[in-house]
Number of protein chains: 2
Amino acid sequence: MTQRQVKAAVLLIGDELLSGRTQDVNLQTLAKFLAPLGVQIAEARVVPDIPAEIIGAVNVLRIKYDYVFTTGGIGPTHDDKTADAVAAAFGVHIDVRADARAILEAHYKGGANLNESRLRMARIPDGAILIANPVSRAPGFQLGNVFVMAGVPSIMRGMLEDVGHRIEGGAVVRAVTVRGRGVREGDIAASLAALEAATNGAVTFGSYPWFAPPDSFGVHLVARSSDVEALAKASDDLLALIRVRGVEPELAEDDS
Amino acid sequence: MTQRQVKAAVLLIGDELLSGRTQDVNLQTLAKFLAPLGVQIAEARVVPDIPAEIIGAVNVLRIKYDYVFTTGGIGPTHDDKTADAVAAAFGVHIDVRADARAILEAHYKGGANLNESRLRMARIPDGAILIANPVSRAPGFQLGNVFVMAGVPSIMRGMLEDVGHRIEGGAVVRAVTVRGRGVREGDIAASLAALEAATNGAVTFGSYPWFAPPDSFGVHLVARSSDVEALAKASDDLLALIRVRGVEPELAEDDS
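Residues numbered from 1 in each chain as written. Chains lettered and ligands numbered in written order. Predicted model: local features only at pLDDT ≥ 70, side-chain atom pairs only at ≥ 80, totals over all residues. Heavy atoms only, no water.

A. Summary view of the overall build of chain A. A tally of regular secondary structure across chain A gives nine helices and twelve strands. Taken over the C-alpha atoms alone, chain A extends approximately 70 × 50 × 30 Å along its principal axes. Buried positions account for 53% of the 256 residues belonging to chain A. If you take every contact in chain A between residues at least 6 apart in sequence, the share linking residues at least 24 apart comes to 68%. Carbon and sulfur atoms make up 54% of the accessible area of chain A, which amounts to about 10800 Å² in all. Between the mean site of the 25 positive side-chain charges and the mean site of the 31 negative ones, chain A shows a separation of 2 Å. (Helix = DSSP H or I, 4+ residues; strand = E, 2+ residues; numbered from the N terminus. Buried < 20%, exposed > 50% of the residue type's maximum accessible area, 1.4 Å probe, protein only. Contact = heavy atoms within 4.5 Å. Areas by Shrake-Rupley, 256 points an atom, 1.4 Å probe, with all protein chains shown as cover. Lys, Arg positive; Asp, Glu negative; His and termini not counted. Charge placed at Lys NZ, Arg CZ, Asp CG, Glu CD.)

B. Representation of the relation of the copies chain B and chain A. Note on the identical chains: chain B maps onto chain A by a rotation of 180° and an axial translation of 0.0 Å, with an RMSD of 0.0 Å. Put plainly, the chains are arranged around a two-fold axis. Relative to the rotation axis, the closest C-alpha in chain B is found at Arg-45 of chain B, a distance of 2.1 Å. Most of the interface of chain B is mirrored in chain A, where 100% of its interface residues are also at the interface. (Least-squares fit on C-alpha atoms with pLDDT ≥ 70 in both.)

C. Seen up close, the interface of chain B and chain A. In this complex, chain B contributes 56 residues to the contact, which on the side of chain A involves 56 residues. Between chain B and chain A, roughly 4600 Å² of surface is buried when both sides are summed, and carbon and sulfur atoms account for 48% of that area. Applying the counting rule to chain B against chain A returns four salt bridges. We note a salt bridge from Asp-187 of chain B to Arg-118 of chain A, for which the minimum N-O separation is 3.1 Å. On the surface where chain B and chain A come into contact, there are 24 residue pairs in polar contact (both at pLDDT 80 or more). For the side of chain B that touches chain A, the secondary structure elements donating two or more residues are α1 (15-18), α2 (26-34), β2 (40-47), α3 (51-64), α6 (116-119), α8 (185-198), β10 (204-212) and β11 (216-225) of chain B. By residue number, the principal contributor to the side of chain B that touches chain A is α8 of chain B, which donates eight residues. Looking at the side of chain B that touches chain A, its residues break down into 23 nonpolar, 16 polar and 17 charged. With three bridges joining them, strand β2 (residues 40-47) of chain A and β2 of chain B adopt antiparallel strand pairing. Bridge pairing in β2 of chain B places Arg-45 of chain A opposite Arg-45 of chain B. (Buried area = accessible area lost by both parts, 1.4 Å probe. Salt bridge = Lys/Arg side-chain N within 4 Å of Asp/Glu carboxyl O. Polar contact = N/O pair within 3.5 Å; in protein donor to acceptor, adjacent residues only side chain to side chain. Nonpolar A, V, L, I, M, F, W, Y, C, P; charged D, E, K, R; others polar. Pairing = 2+ DSSP bridges.)

D. Representation of the pattern of salt bridges. Within the structure shown, the criterion is met by 30 salt bridges over all chains. With its nearest N and O atoms 3.3 Å apart, the salt bridge here joins Glu-248 of chain A to Arg-243 of chain A. Under the relative-accessibility criterion, Glu-248 of chain A is labelled exposed at 53%. Residue classification places Arg-243 of chain A among the partly exposed residues on the basis of a relative accessible area of 43%. Shared partners join several salt bridges into a network, and the residues in it are Glu-43, Arg-45 and Lys-64 of chain A together with Glu-53 of chain B.

E. Structural detail: the environment of Gly-127 of chain B. All names here are of chain B. As for its placement among the helices and strands, Gly-127 is situated in the loop between β5 (123-125) and β6 (129-131). Residue Gly-127 is classed as exposed on the basis of its relative accessible area, which comes to 66%. Not counting residues within four places of it along the chain, the set of residues in contact with Gly-127 comprises Arg-97, Gln-142 and Leu-143.

F. Highlighting the sheet that holds β10 of chain B. Residues and elements named next belong to chain B. Here four strands make up an open sheet; going across it, the order is β10-β11-β9-β12 and the pairing antiparallel. Unpaired on one side and paired on the other, β10 and β12 (250-252) mark the two borders of the sheet. Each adjacent strand pair in this sheet contributes to an overall mean axis angle of 25°, direction not counted. One ladder, built from nine bridges, connects β10 with β11; its direction is antiparallel. Looking across to β11, one finds that Phe-211 is bridged to Phe-217. Strands β10 and β11 of the sheet are contacted by α8, whose axis makes an angle of about 165° with β10. Across the face of the sheet, helix α9 (residues 228-243) comes into contact with β9 (174-181), β10, β11 and β12 while running at roughly 160° to β11. (Axes fitted to C-alpha atoms, helices over the stretch in contact; angles between N-to-C directions.)

What follows is the structure in structure tokens.
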């Protein structure tokens, strides 16, 4: 039985990612979280805090892919524009919602600390389901197939605890990595291409050179497949490919 | 005199970025390289090693922005599909080109080491201008407003030496960062929004909370502008905004 492929897009939102101020790490976190659930990230985009750009990207991606995961832009300041933009993308109403407000009231003890700015974090589009935030309480939300999460990595990771159970995944793509120290890509490229061709699409092979100056280098060969048997054969084939070069290969730990 | 805004897109190409295997760092490198040249990155995308996805993204981005910078997919292995995809996006012919071949022949001493796989790195679209690679020699290329570079960060950085002089930048956007230790976003959000509104679009303000467990936290307030005087005033305003909270602010070094 062949399971269907479930594909997702990641939309990273924030001027700070495009200016170089902030190094994104959420894409990698999401990829490693989703893979075992049977969801592959097929595309990612980074857009600034501009409503039209967020709306445009959300609407392209939510139609093209099974799921969309956004990060960033749901805090209390004026540059947090994601919640309103996602509501606009879906054409639904958005306002401070009672369930989200209750979470903030409990957190801020209902007092003067819950000012107008913080209440912005209770703006939830009609029809959305809250995503719990175990770190700083202000919730994310799911609207249709779009999951809207915080940009701060520790908070985004915390929100994933309330996301996984909502995901209907498909085939789980697994990977093996074979490391060939001192092997050059150009010397194994033809053999690698032949290996991929022989699998008739069952396995995808990737080749990633690495350099550790001054004089250490090599290649990581990666096989990815949702077919366990085909992947086991691919792993053996990659080990053989490196041994032919007179090098003893290593099976690397990273399997993404 | 108001200089024009010059905008760029970055297109990161590679299955390994979407699977979570590899943490991209090229976007940040490009942002910090381009900013002083007067080029702002307005959007970034990550696509897999699938020709149709690369072609589609190149054609959307090269029309929408002044420049496009791609990284990844120009090596010798079968999963390196960028050069052919960019040629297809422009509708131009691509084949092994004499100038690129000569570079590889010199590097590989013209002998048997320059096999068919390595010759793939000399496939250059008609009309493209080579980008020198001071690290591993195999060139990138510029076709119209699209710069095609390697994905390995050290090689990508090396190629930038042959890119900067081709860029016609516009207004240089500078940034200042003010750090407020122990300050919470929700307490300064209204004042920050008022500051931005008062600049009539001359300055963009961003607010980025930080957390250093167990008990240290605060906010980075960033002002970005191409107007030097407006930025100086914004910097003073941000310092005052933090002092009002009873905290002595710090001017942070990072200015992106």
